[in-house]
Amino acid sequence: GQLDGAVGDQLAGADIDVGSYTGTGSTQTVSGLGFNPDLVWALPNSAQSTRWESSLASNTFDFDTNDFGAAGFTGFTADGFTVDGSAPVNGVGTTNYYVAWNESAGYFKQATYTGNGVDYRNISGVGFAPELVFGRQTSASNFVNVKTASTGASTDATGGFGNFGQTYPGYI
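Residues numbered from 1 in each chain as written. Predicted model: local features only at pLDDT ≥ 70, side-chain atom pairs only at ≥ 80, totals over all residues. Heavy atoms only, no water.

The next thing to look at is the packing of aromatic side chains. Under the criterion given, the structure shown has six aromatic pairs. Summarising the aromatic geometry, the rings of Tyr21 and Phe81 are spaced 5.9 Å apart at their centres and angled 70° between planes, so their arrangement reads as edge-to-face. Residue Tyr21 is found in strand S1 (residues 16-22), and its partner Phe81 is found in strand S7 (residues 80-83); the two are separated by 60 residues along the sequence. By relative accessible area, Tyr21 is classed as buried at 8%. Exposure remark for Phe81: the relative accessible area of 0% places this residue in the buried category. Geometrically, the ring pair formed by Phe73 and Phe81 is edge-to-face, given 5.7 Å between the ring centres and 65° between the ring planes. (Phe/Tyr/Trp six-rings, centres within 6.5 Å; stacked < 30°, edge-to-face > 60°. Helix = DSSP H or I, 4+ residues; strand = E, 2+ residues; numbered from the N terminus. Buried < 20%, exposed > 50% of the residue type's maximum accessible area, 1.4 Å probe, protein only.)

In structure tokens form, the structure reads like this:
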């Protein structure tokens with residue numbers, strides 16, 4: 001399921017797959033990734049919101065709202081992922097684009113940490129200088145927060161996450 005053209009050709013590889021599938025409105029499995037994904041974004045070609053899921057959490061998250069536990073992904077497989085019949089990930093006849101990542105040393109890493117609701121903090125153990133860091137509280141209605149290399153990410157630290165702010169418990 002690789003996308004044709006420059007984006008898919010440049011991004012796809014052993015640890016990332018970019019592709020698309022057509023929604024059926026019923027549970028379906030998207031396969032052929034070549035790995036068991038650790039993170040998947042589903043981007044519908046419609047007015048529906050973009051959803052994502054991580055192998056570190058049991059919820060599907062919505063990029064557009066503070067919704068978690070949302071309908072969407074039902075699991076990851078050895079070669080892909082499964083989505084339910086909900087419109088944001090599988091609307092009938094809708095082309096859904098996806099980006100799937102496989103954790104790989106020096107390239108992509110997932111982790112969890114427990115915040116204390118007070119201080120900004122460095123997150124150690126990444127092992128490389130990330131170009132993009134994003135996080136989301138796993139069990140409450142805080143939005144996804146993003147930090148890029150140009151805003152101060154450094155090796156084994158995110159520079160305090162800036163507006164990750166209160167480092168609430170249970171972030172991924």
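There is more to say after this.
Counting 12 residues, the largest nonpolar core consists of Tyr21, Val30, Leu33, Phe35, Val40, Ala42, Phe73, Phe81, Val83, Val89, Tyr98 and Ala100. Breaking this core down by element, the ones donating at least two residues are strand S3 (39-44), S7 and strand S8 (95-101). Residues in contact with Ala42, not counting those within four places in the same chain, are Tyr21, Thr50, Arg51, Phe73, Val89 and Tyr97. (Core = buried A, V, L, I, M, F, W, Y, C linked by side-chain atoms within 4.5 Å. Contact = heavy atoms within 4.5 Å.)

By way of backbone hydrogen bonds, the strands of a sheet pair with one another, either parallel or antiparallel. If you walk across this open sheet you meet the three strands as S2-S7-S6, and the pairing is antiparallel. Edge positions in the open sheet fall to strand S2 (28-31) and strand S6 (73-77), since each of these has one partner strand only. The mean inter-strand angle of the sheet, taken between neighbouring strand axes irrespective of direction, is 20°. Judged from the four bridges that link them, S6 and S7 form a sheet pairing that is antiparallel. Bridge pairing links Phe73 to Val83 in S7. (Pairing = 2+ DSSP bridges. Axes fitted to C-alpha atoms, helices over the stretch in contact; angles between N-to-C directions.)

Taken in spatial order, the five strands line up as S1-S8-S3-S4-S5 in an open sheet, and their pairing is antiparallel. The two strands at the open ends of the sheet, each matched to only one other strand, are S1 and strand S5 (61-62). Sheet analysis places S3 next to S8, joined by six bridges and oriented antiparallel. Each residue of the ladder has a partner; that of Leu39, found in S8, is Trp101.

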